[in-house]
Amino acid sequence: MIRVCDLMHKGVLYCYPDDSAQVVADMMATNRIRSVAVVDESGEVWGSISMLDLLQLYGKELDKTQAQEIMRPYRIEVDPQWPIEKTIELMKKRRIEHVLIIDPHAGPKRPVGILTDFDIVRYMSHVELGVYEQMLKVPSD
Amino acid sequence: MGHFPRCHVEERVMRLMKRGAITVGEEATVREVAQVMVVNRIGYCVVVNEKHEVVGIISPRSILRAFGVDLDGTKAKDILLPYTITITPSSPLSEAVALMVEKRVDHLVVIADRPGSRAVYGILHGEDLVRAMARNQETKA
């Protein structure tokens with residue numbers, strides 16, 4: 001059985017609630033990611049900001065907006081040991097493109113990873129990354 | 001030498017769009033579409049008909065919704081988001097962003113300015129918009 005921890009990205013990129021939207025935009029642009037978690041000083045998750053949440057500020061002053069103003073409150077807790085099917089059904093039902101993974105052993109509401117819709121597509125495609133790259137490589141001799 | 005008054009020029013889609021797009025035919029299976037996305041590391045796939053006209057777009061979320069059905073028996077045309085949003089290279093970027101946020105899509109298909117044309121001209125990525133937002137703020141500062 002495939003579990004969430006087999007497919008998720010370990011570690012989460014995060015910002016603090018009073019960080020400016022500029023910080024969030026820089027993080028997304030530099031790391032080429034589509035979502036950033038918002039956590040407080042103790043590491044507990046408050047919410048998450050997706051690319052579309054940030055795009056609402058297009059043409060506006062990013063410095064004058066705080067992360068907590070554009071974030072979506074985080075209410076869904078996914079355990080790393082959940083079967084992947086259960087998580088996919090949850091994502092389908094809630095119409096969300098990513099879920100933060102909360103490990104109860106690491107502490108309450110501490111995100112340990114993220115699972116995106118693209119990770120699910122990779123799982124469904126049955127393509128192992130690296131296999132195709134090796135197939136496409138032209139032999140040197 | 002005289003100074004020209006600074007005037008505000010509205011930015012157009014053509015400044016940030018990428019020419020060309022990854023496409024699949026209407027008859028491709030969902031698994032094939034997922035494989036195209038994973039191998040090319042892209043978060044979209046444009047579906048075209050035999051005349052290479054845009055029929056719709058498939059996002060990772062569309063594939064996620066197809067979880068549980070026969071991926072090798074379901075066609076791209078059964079899960080695509082019908083292409084009803086018209087964006088051209090000369091459309092203002094602010095209009096494109098408003099469309100993305102309203103329809104909750106990360107990519108927009110750009111079609112040529114010619115009347116009646118439905119040929120794929122390019123793609124406007126949300127990632128490129130975020131990168132431009134981060135860059136614009138840096139230049140202002």
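Computed from a predicted model, the values in this text were never measured in an experiment.

Novice: Requested: an account of the overall build of chain A, with residues and values cited.
Specialist: Scanning chain A from terminus to terminus reveals seven helices and seven strands. Starting at the N terminus, the α and β elements of chain A follow one another as α-β-β-α-β-β-α-α-β-α-β-β-α-α. Expressed as a percentage of its 141 residues, the buried residues of chain A come to 50%. For chain A, long-range pairs separated by at least 24 residues make up 58% of all intrachain contacts whose partners lie at least 6 apart in sequence. As presented, chain A carries roughly 7,700 Å² of accessible surface, and 50% of it is formed by carbon and sulfur atoms.

Novice: A description of the sheet that holds strand β1 (residues 18-19) of chain B should follow, citing residues and the corresponding values.
Specialist: All names here are of chain B. The strand order β1-β7-β6 describes an open sheet built from three strands, whose pairing is antiparallel. Single-partner strands in this sheet number two, and they are β1 and β6 (107-111). Across five bridges, β6 lies against strand β7 (residues 120-125) in antiparallel orientation. Its bridge partner lying in β7, L108 is registered against L124.

Novice: Mind laying out the packing of aromatic side chains, listing which residues take part and the relevant values?
Specialist: One pass over the full model with this rule turns up one aromatic pair over all chains. A centroid spacing of 5.9 Å and a plane angle of 70° characterise the contact between A:Y14 and A:Y16, whose relative ring orientation is edge-to-face. Relative accessible area serves as the criterion here: at 44%, A:Y14 is assigned to the partly exposed category. Judged by relative accessible area, which is 33%, A:Y16 ranks as partly exposed. For A:K86, the ring lying beneath its charged end belongs to A:W82, and the centroid distance is 3.9 Å. Note that B:R19 overlies the ring of B:Y121, its terminal NZ or CZ placed 4.1 Å from the centroid.

Novice: Tell me what's going on with helix α1 (residues 30-40) of chain B, and back it up with residues and numbers.
Specialist: Of the residues making up α1(B), those classed as buried are B:V30, B:R31, B:V33, B:A34, B:M37 and B:V38. When α1(B) is viewed along its axis, its buried side chains cluster within an angular range of 160° and face the same direction. Buried residues along α1(B) sit against α6 (117-125) of chain A together with β2 (23-25), β3 (45-48), β4 (54-58), α2 (60-65) and α3 (76-79) of chain B. Two residues or fewer after α1(B) comes B:R41, characterised by a positive phi angle close to 50°.

Novice: How would you explain the pairing of β6(B) if you had to name every residue and give the values?
Specialist: Of all five residues that make up β6(B), five are buried, and the element is covered over most of its length. Residue alternation in β6(B) divides its side chains into two sets, B:H107, B:V109 and B:I111 and B:L108 and B:V110, and both sets are buried.

Novice: Account for the side chain of A:S35, with residues named and values stated.
Specialist: Residues and elements named next belong to chain A. Assignment of secondary structure puts S35 in strand β3 (residues 35-39). A residue is classified by how much of its surface remains accessible, and S35, at 11% relative accessible area, is buried. Non-local contacts of S35, meaning those with residues more than four positions away in its chain, are made with M28, I49, S50, H98 and I114.

Novice: So what's going on with the pattern of salt bridges? Which residues, and what values?
Specialist: One pass over the structure, following the stated rule, counts 12 salt bridges over all chains. Note that A:D53 and A:R72 form a salt bridge whose closest N and O atoms lie 2.8 Å from each other. Taken as a pair, A:D53 in helix α3 (residues 51-55) and A:R72 in strand β5 (residues 72-73) lie far apart in primary sequence, 19 residues in all. Relative accessible area serves as the criterion here: at 3%, A:D53 is assigned to the buried category. B:K77 serves as the salt-bridge partner of B:E27, at 2.9 Å between the closest nitrogen and oxygen. With B:E27 in the loop between β2 and α1 and B:K77 in helix α3, the pair connects residues that are 50 residues apart, well separated along the chain. The exposure class of B:E27 is partly exposed, given its relative accessible area of 47%.

Reading the values: rules and limits
Positions within a chain are numbered from 1, following the residues in the order the chain's sequence is written. Chains carry letters and ligands carry numbers; both start at the beginning, A for chains and 1 for ligands, and go up in the order they are written. Local features in this predicted model are restricted to residues whose pLDDT is 70 or higher, and side-chain atom pairs enter the listing and the counts only when it is 80 or higher, whereas totals over whole chains, interfaces and linings include all residues. Side-chain metrics rest on all non-hydrogen atoms present in the structure, leaving aside hydrogens and water. Helix numbers and strand numbers start at the N terminus; a helix is a DSSP run of H or I with at least 4 residues, a strand a run of E with at least 2. Each residue gets one of three labels from its accessible area relative to the maximum for its type: buried under 20%, exposed over 50%, partly exposed in between, using a 1.4 Å probe on protein chains only. Only heavy atoms matter for contacts: two residues are in contact if any of them lie within 4.5 Å across the pair. Here the open area of atoms and residues is found with the Shrake-Rupley method and a 1.4 Å probe, where only the protein chains shown may cover a residue. Strands qualify as paired when DSSP identifies two bridges or more between them. Side-chain rings of Phe, Tyr and Trp, where Trp is taken by its six-membered ring, are said to pair if the distance between their centres is within 6.5 Å; with planes under 30 degrees apart they count as stacked, over 60 as edge-to-face, and otherwise as tilted. We count a charge as sitting over a ring when the NZ of a lysine or the CZ of an arginine lies within 6 Å of the ring centre and within 35 degrees of the ring normal. Within this analysis, the arc is defined by the directions that extend from the helix axis to the C-beta atoms. We define a salt bridge as a contact between a side-chain nitrogen of Lys or Arg and a carboxyl oxygen of Asp or Glu at a distance within 4 Å.

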